[in-house]
Amino acid sequence: MSLAVGAAQVALAAPGHAAAPVRVAVGGAPTVPHSAKAAAAPADSTKLSIDIELKTPTSAQLPALAAALNDPKSPNYHHFLAKGQIAQQFGASAAEVAAVDAALKAAGLTPGPVSADGLFVPVTATVGQAKNAFGTGFAGYRYAGRAVYANTSAPKFDAAVSADIAGVVGLDNIAYAVPHHVTSGKQAKSTVQSSAVKSHAAVKSNTVQPNYAVPTCSNINTIYNSPSFNLHDGTNYYTADVLANIYGTGSLLNGGNNGSGVTVAVFELESYDPGGFNDLKNCYGISTPISQVSVDGGPTAQPNMYTGVGIESALDIENIATMAPGVSIIDYAGPDWNLNSTTDTQVLDTYNRIVTDDSAKVISSSWGQCEAQANPSTISAENSIFSEAAIQGQTVIAASGDSGDTGCYDPTATSPDSELSVDDPASQPFVLGAGGTTMHGLTNNSMVESAWNSVQTDGNGHYYYGATGGGVSTNAAPSFQQYVTAAGYSAHCAAAATSGCRQVPDVAALADPAQGYVIDEYYYDGNPADTGNYYNIIGGTSGAAPVWAAIYALADASAACQAGTPAGQAAPALYKAAKTPDKYSVFRDVTAGNNGISAYNAAYSYPANAGYDMATGWGSPMAPGVVAVACAGSVESAASYYVPNGPTRILDTRYNIGGAGPVAANGGTVKLQITGQNHVPASNVTAVVLNVTATATHATGYAVVYPDGSAMPATSNLNWVGGQVVPNLVTVPVGAGGKVDLVNESGGTVQFIADLAGYFTTDSTSASTYTAVGPVRAMDTRHGIGVPTGKVGSTSTVSLPVGGTTVGSVTIPSGISAVAMNVTVTAPTASGYVTVYPNQDAAGNPVTRPTVSNLNFSANQVIANMVIVPVGKDGKVDFYNGSGGPTDLIADVAGYFTVGTAGAKYHALGPDRLVDTRIGLGTSGPGTLGANGTLGLPLPASATAILANVTVAQATATGYLTAYPAASTRPVVSNLNFTPGVSVPNLAIVPNSGQVDFFNGSGGTVRVIVDLGGYFSAS
């Protein structure tokens, strides 16, 4: 009985004692490298700096929103959030933060204030406190010459708040960030006199050069060309002006874009040398401002080339400043990496400060750590931060590493790790990973690059290996990479059949230290005679990242980005360009070399080959093209079908039809409603075909037609001089609310006319697809081709049989719904216009001539315009001469439309500028197309034809331009006719054979501009 009573007393007493709290594990323990050797565990007094990442009801949506805002196909493209909105929409509430703080304090920890984005709580603790608070042990190791530690199990939290915790960063220090530069050892005192640094003013004028020119620094060549070094610019090193020529930034600077108004943030874990930076600025004649923000106390070691402190910072800061001298730079500096090995928490805090400050829209990082050894909680936390950057429209670029595809290899380790691994953060989905190349040649005309993979030898005979970082990441494949499978992908991506793997790098630039970048930094080795500012030649992918950062700063400063939004996440737009004809004006493909370092026992070497590869990504930059695609506010349409409709006049600002005139000078805009009227449906319309005419012009200028609601592209559709009447066919994507914008970019007012010819739609019902032909001459009244010989009389009509005919080797079937023709007026005897329209409708009824025009001309003028005209039952097209005198007419057929889905579908783009020989866009460099010369534009073979607005400018002789597929013999046709000094545009629909050629049929030189409006393909 007494035993029973005792038991009851025990049972009754139990509720009176505090129950042990239920604890839930969050995350896991880090992976310990195979080569790490067990050592003494860290002392309980060892201080830890920890970040607790919070999980909120909406934080998991960050990556999806970041992807949507940067997907060119998304309707939310570039609708970025403003500073502070992330904390409001995704950050933890005050109550959530208070609950986590209380739980941490109850566990004996000291939490700090929540981060500006509301997603991280900093904690200070010792190892002993962390053991008790998180219920985990700690083990010690010897790894890569360092004493390191790691938690032995996942940290645990009170069940009441565990659902609010996403992860813990800072419980280990196995992996740590290192700079990705390689020194050449070729340091040289900049300019000395009496053992003191002499101002560069002794060699170069002290006057600051205008930043709108390519900066030069002759002193570098004076020193390195001397017999002491016998090194040469463009072979053994590359100065900023030579790189500007190679990568195309020079044309942007000379065109008035130096990056002014844009701020670039550099991520650093060391001090930079203001004296060296000023020394280099004086030599280059630039005045780029810089400021510093210290994070977590910042660095303390003084910059010194001799000790290696500040080399990375100098490479990053000086590269950006000399390539985009108008920018402002903020150096975000975390604690010194080479003193106590900067912790993951300090790295995370530095990135988070850059992003939450949101003071810079371009972020450059030349630091990284081996992904395979990184703590998964660190990788996850970084992903959240870089998602935030993408949501705010910030462009993040990181070096891909210098250890080839063995990113964990440490040559100082007793048993180096040769596993295949990429580097973080270049492998992060919202970061543009920059790999490295070796140069072969100096100028654009002869320049060839290969994947960087080399061995260096110092003066003591020591070997240093290096190669462009790249390979397969453990991160899932982002949407922009899901169609990309580089060589070696399937064999090394464990998730290839499911989520896929992120591939690295995305792009590349110069990285070989044997021909690297020249930096300027203070040097002190203890000998006063050696003290001073020194040059040094530095390589590594640390050089490539700031090159791309400078280009993106120029992009953000361009007119297109300034009129719209910052470039934002770089990769989606670049990968989109790589899928389209834009590719050939954006990248210089690198097709030689690999990134496997044989001395590191790499199990595989990722090769550089045509297209995308995991050694150099898509290749090195062609800056004007990068800027064009970075700032294009366009969305590529889905595959679309053509519906002929008209011709019908839907805009005439002279009579307030569709819009009021006159249209004001210098940016006056007409917003023209396309959908929901004039037999154009209210939905599913992707693009519209308009014949646009500028009349009542009062000053030289041009017109831009583009989708409403997007950034105005750096393209043109019509060009005129005061007093001219100029038409041109325009095919343009339909923008917000079914509208397109027509902008007057001239110094005087103008009247716009637009005649609807048809539209493209995703609805295949009763719609047509395209067949490219020729081009072939179907009519020439001068020679009796297609119609009887003789001029078309005043106010007279000639009918051309098109459907059911054979022209040369081209047979056009009966029953076509529309035809695309380039129509030319030549030898007119009076001013007037031409109207092209179907002779019959689909039912066989005669068609009344519509009140529209396709060409406007003056006496003796030769002028052309592309026409897409419906074709009726009888297969004939009528040409009406609305002038007071006879004229000759020419018609060259480019293709035809037939009802059904068997032909090619249309994909509306941009418009995007592909070629501009004035600035070297899409060509080997700025220049002209010579007399009887041909310019080749490579294009993806999947495009059966392209639709582009082609402009000839600065012609020195009268002539014509012919666009045709390169695989064919040049046909006897023309696309536009020009005279000296007049810019002449015309729309061209050109069959594609993998390359389209442009022939200058004149005795003089011309400048050629090609603006891509879309392309046709089988799918």
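What counts and how
Residues numbered from 1 in each chain as written. Predicted model: local features only at pLDDT ≥ 70, side-chain atom pairs only at ≥ 80, totals over all residues. Heavy atoms only, no water. UniProt positions renumbered as here; feature names shortened; annotations may be inferred. Pairing = 2+ DSSP bridges. Helix = DSSP H or I, 4+ residues; strand = E, 2+ residues; numbered from the N terminus. Buried < 20%, exposed > 50% of the residue type's maximum accessible area, 1.4 Å probe, protein only. Salt bridge = Lys/Arg side-chain N within 4 Å of Asp/Glu carboxyl O. Phe/Tyr/Trp six-rings, centres within 6.5 Å; stacked < 30°, edge-to-face > 60°. Lys NZ or Arg CZ within 6 Å of the ring centre and 35° of its normal. Disulfide = S-S within 2.5 Å. Polar contact = N/O pair within 3.5 Å; in protein donor to acceptor, adjacent residues only side chain to side chain. Axes fitted to C-alpha atoms, helices over the stretch in contact; angles between N-to-C directions. Core = buried A, V, L, I, M, F, W, Y, C linked by side-chain atoms within 4.5 Å. Expected span 1.5 Å × (residues − 1). Parallel < 35°, antiparallel > 145°, perpendicular 65-115°, else oblique. Left-handed = near helix turned anticlockwise from the far one by under 90°. Contact = heavy atoms within 4.5 Å. Nonpolar A, V, L, I, M, F, W, Y, C, P; charged D, E, K, R; others polar. pLDDT = per-residue confidence, 0-100.

Per an unreviewed UniProt entry, the protein chain goes by S8/S53 family peptidase and derives from Actinocrinis puniceicyclus. Listed under Cofactor (unreviewed entry) in UniProt, the entry text for the protein chain is "Ca(2+)".

To continue, consider the sheet that holds strand 10 (residues 178–179). The strand order 10-19-21 describes an open sheet built from three strands, whose pairing is antiparallel. Two strands bound the open sheet, and with one partner strand each, they are strand 10 and strand 21 (423–424). Pairing of strand 19 (residues 367–370) with strand 21, which is carried by two bridges, proceeds in the antiparallel orientation. Counterpart to Cys370 in the pairing with strand 21 is Asp423.

What follows is about the pairing of strand 35 (residues 685–695). Burial within strand 35 is extensive, with 11 of its 11 residues counted as buried. Pairing of strand 35 with strand 38 (residues 726–733) involves eight bridges; the strand directions are antiparallel. Paired with Thr693 across the two strands is Pro727, which belongs to strand 38.

Let us look at the pattern of salt bridges. A full pass over the atoms with the stated rule returns 15 salt bridges. Between Asp708 and Lys671 there is a salt bridge, with its nearest N and O atoms 2.6 Å apart. Of the two residues, Asp708 is situated in the loop between strand 36 (701–707) and strand 37 (718–720) and Lys671 in strand 34 (residues 668–673); the sequence distance between them amounts to 37 residues. Judged by relative accessible area, which is 48%, Lys671 ranks as partly exposed. Each member of the salt-bridge network shares a partner with another, and the members are Arg649, Asp652, Arg654 and Asp755.

Let us now look at the packing of aromatic side chains. Per the stated rule, a full pass over the model turns up 28 aromatic pairs. In this structure an aromatic cluster arises from ring pairing among Tyr642, Phe760, Tyr770, Phe897, Tyr906 and Phe1016. One residue, Arg849, lies across the ring of Tyr880, its end atom 3.7 Å from the ring centre.

Here we come to the state of the cysteines. Disulfides are covalent bonds that connect the sulfur atoms of two cysteines. Counted according to the given criterion, the structure contains four disulfides. Between Cys370 and Cys408 runs a disulfide, and the two sulfur atoms are separated by 1.6 Å. Of this pair, Cys370 sits in strand 19 while Cys408 sits in the loop between strand 20 (395–399) and strand 21, and the two are 38 residues apart along the sequence. With its bonded cysteines labelled in order along the sequence, the protein chain shows the pairing 1-2, 3-4, 5-6, 7-8.

Tracing the sequence through the fold places Ser251 in helix 9 (residues 249–254). When its relative accessible area of 14% is taken as the criterion, Ser251 is described as buried. A distance of 2.9 Å separates the side chain of Ser251 from the backbone oxygen of Gly248, its partner in a polar contact.

We now examine the sheet that holds strand 37. Read from one edge of the open sheet, four strands run 34-39-36-37, paired in antiparallel fashion. With one partner strand each, in any of the chains shown, strand 34 and strand 37 form the two edges of the open sheet. Neighbour-to-neighbour, the strand axes of the sheet open up by a mean angle of 20 degrees, direction not taken into account. In terms of strand pairing, strand 36 meets strand 39 (residues 739–746) through seven bridges, oriented antiparallel. Bridged to Tyr706 within strand 39 is Asp741.

Formed by 91 residues in total, the largest nonpolar core has its most connected members in Ile220, Tyr224, Tyr535, Trp548, Tyr552 and Leu574. A total of 12 residues in this core trace back to one element, the largest contributor, which is helix 16 (residues 541–557). Within the second largest apolar cluster, 39 residues are counted, among which are Ile354, Ala360, Phe386 and Phe430.

Now for helix 14 (residues 376–391). For helix 14, with 16 residues, the first-to-last C-alpha span of 23 Å sits near the 22 Å given by 1.5 Å per residue. Taking burial as the measure, the 16 residues of helix 14 include 14 buried ones, the bulk of the element. Where helix 14 begins, the side chain of Asn375 points an oxygen toward the backbone nitrogen of Ser377, at a separation of 2.9 Å. Where helix 14 ends, the next residue or the one after it, Gly393, has phi of about 80 degrees, a positive value.

In this section: the packing of helix 16 against helix 20 (residues 623–630). Taken N-terminus to C-terminus, the directions of helix 16 and helix 20 make an angle of 55 degrees; their axes are 9 Å apart at the nearest point. Relative to helix 20, the element helix 16 is oriented oblique. For the pair helix 16 and helix 20, the crossing hand works out as right-handed. Along its contact with helix 16, which presents Trp548, Ile551, Tyr552, Leu554 and Ala555, the element helix 20 presents Ala623, Val626, Val627 and Ala630. Taken together, the residues of the contact of helix 16 with helix 20 sort by class into nine nonpolar, no polar and no charged.

Turning to helix 11 (residues 311–323), a few remarks are in order. The terminal C-alpha atoms of helix 11, which comprises 13 residues, lie 18 Å apart, in line with the 18 Å expected from a rise of 1.5 Å per residue. Burial of helix 11 is extensive: 13 of the 13 residues sit out of reach of the surface.

The next thing to look at is the confidence of the model for the protein chain. Of the residues in the protein chain, 92% have a pLDDT of 70 or more, and the chain-wide mean is 89. Note that residues 192–211 has pLDDT below 50 and, in this model, 40 contacts with residues that lie over four places away or in other chains.

Moving on, we get to the side chain of Gln515. Mapping Gln515 onto the fold places it in the loop between strand 28 (507–510) and strand 29 (517–523). Discounting residues that sit within four places of it in the chain, Gln515 has contacts with Thr235, Asn236, Tyr237, Tyr238, Thr438, Met439 and Leu510.

In this section: the environment of Thr765. As for its position among the elements, Thr765 is in the loop between strand 40 (751–761) and strand 41 (768–780). Owing to a relative accessible area of 56%, Thr765 belongs among the exposed residues under this scheme. Of the polar contacts made by the side chain of Thr765, one reaches the side chain of Asp763; its length is 2.8 Å.

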